[in-house]
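Residue-level structural notes
Okay, here's what each chain looks like letter by letter:
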Amino acid sequence: MQQIDPALVARARSGDESALAALIVRLMPAIRRGAARCTVPGLDFDDAVQEGLIGLFDAVRHYDAGKGAAFAPYAAACIRHAQQDAARASTRKKHTPLNTSVPLPEDSATPGPEEQAIAGEAVDEVLLRIRTQLSPLERDVLLCTVNGLSLSETARLLGRDARAAENALARARRKLRGQ
């Protein structure tokens, strides 16, 4: 394993992004090798690489040069342990439904929360327009029609002429369309 300058590690720990990027570049081959070995259901290659990077960040944060260990082997151990922990965690029984389920298609006909909220607002708006813009006869004829009654059945139920029910329905439609 290659030697890594302790000054580079110190600069990375103090927030020097270029030093951290240099450490990542030097240790990325080890991270990718470890990720290839830790790929299991629930932890794909890219996720294992991310876990390795998290292990590297922990190594930078907790490394103590005064304890006599070189940084490269310490970082390699932190990376390996982070990836192995993630692989173990992803294979726990509590993750079985996630690991074995089939994803829903993106073009699912089930509306999402945003669509449901918008549709609910549209229904509220139509109901308000029905209450405020239609006469009682127009509301009654519209309600009967929506419930599946024919115009003759509606007229008989309301005690009106069939032509009056037909005209009331036409006025209701025109008002609700905004014409």
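Rules of the game
Sequence order as written defines residue numbering, which begins from 1 separately in each chain. In keeping with the predicted nature of the model, local features appear solely for residues at pLDDT of at least 70, side-chain atom pairs appear and are counted solely at 80 or more, and the whole-chain, interface and lining totals rest on all residues. Water and hydrogen atoms play no part in the side-chain values, which are based on all heavy atoms of the structure. Secondary structure elements are taken from DSSP: a helix is a run of H or I of four residues or more, a strand is a run of E of two residues or more, and numbering for both begins at the N terminus. Relative accessibility under 20% of the residue-type maximum defines a buried residue, over 50% an exposed one, and the middle range a partly exposed one, all with a 1.4 Å probe and only protein chains included. Contact between two residues is taken to exist if any of their heavy atoms lie within 4.5 Å; hydrogens are not considered. The Shrake-Rupley method, run with a 1.4 Å probe, gives the accessible areas here. Residue values count only the displayed protein chains as cover. Think of pLDDT as the predictor's per-residue confidence, scored from 0 to 100. In this scheme Phe, Tyr and Trp rings, the latter by its six-membered ring, pair at centre separations within 6.5 Å, and the angle between planes marks the pair as stacked below 30 degrees, edge-to-face above 60, and tilted otherwise. The salt bridge definition used is simple: a Lys or Arg side-chain nitrogen within 4 Å of an Asp or Glu carboxyl oxygen. The term nonpolar core refers to a set of buried residues drawn from Ala, Val, Leu, Ile, Met, Phe, Trp, Tyr and Cys, joined through side-chain atoms within 4.5 Å.

Concerning the overall build of the protein chain
Looking only at helices and strands, the protein chain features 9 helices and 0 strands. Dimensions of the protein chain, computed from C-alpha atoms along their principal axes, come out at roughly 100 × 35 × 20 Å. Out of the 179 residues in the protein chain, the part that is buried amounts to 26%. A separation of at least 24 residues holds for 57% of the contacts in the protein chain among residues at least 6 apart in sequence. Carbon and sulfur atoms make up 56% of the accessible area of the protein chain, which totals about 12,000 Å².

Digging into the environment of Ala70
Mapped onto the secondary structure, Ala70 falls in the loop between helix H3 (45-62) and helix H4 (71-90). In this structure, the C-alpha to C-alpha distance between Ala70 and Pro6, residues 64 residues apart in sequence, is 8.2 Å. Aside from chain neighbours lying at most four places away, what touches Ala70 is Gln3 and Tyr63.

Quick look at the confidence of the model for the protein chain
Averaged over the protein chain, the pLDDT score is 87; the fraction of residues at 70 or greater is 96%. Predicted confidence in the protein chain is weakest over helix H5 (residues 96-100), with a mean pLDDT of 73, and strongest over H3, with 92.

Details of the packing of aromatic side chains
Two numbers describe a pair of aromatic rings. These are the distance of the centres and the angle of the planes. Counted according to the given criterion, the structure contains 2 aromatic pairs. Ring geometry for Tyr63 and Tyr74: centres 5.8 Å apart, planes at 45°, overall tilted. Here Tyr63, found in the loop between H3 and H4, pairs with Tyr74, found in helix H4; they are 11 residues apart in sequence, far enough to count as distant. A connected cluster of aromatic rings, assembled from ring pairs, spans Tyr63, Phe71 and Tyr74.

Re the pattern of salt bridges
Counting across every chain of the model gives 6 salt bridges. Put simply, Asp16 and Arg11 hold a salt bridge, and the shortest N to O gap is 3.1 Å. Relative accessible area serves as the criterion here: at 40%, Arg11 is assigned to the partly exposed category. Ionic contacts of the salt-bridge type, sharing partners, join the residues Glu138, Arg171 and Lys175 into one network.

Concerning the nonpolar core
Grouped together as the largest cluster of nonpolar side chains are 25 residues, with contacts concentrated most on Ile4, Leu23, Leu27, Leu56 and Phe71. Where this core is concerned, the elements lending two or more residues are helix H1 (6-13), helix H2 (17-38), H3 and H4. No other element matches H4, which puts 7 residues into this core. Leave out the neighbours within four places in its chain, and Leu56 touches Leu23, Ile24, Leu27, Ile31, Phe71, Ala75 and Ile79.

Let's talk about the environment of Gly34
One can find Gly34 in helix H2. Take Gly34: its relative accessible area is 3%, and that puts it in the buried class. Taking the C-alpha atoms as reference, Gly34 lies 8.7 Å from Gln84; in sequence the two are 50 residues apart.

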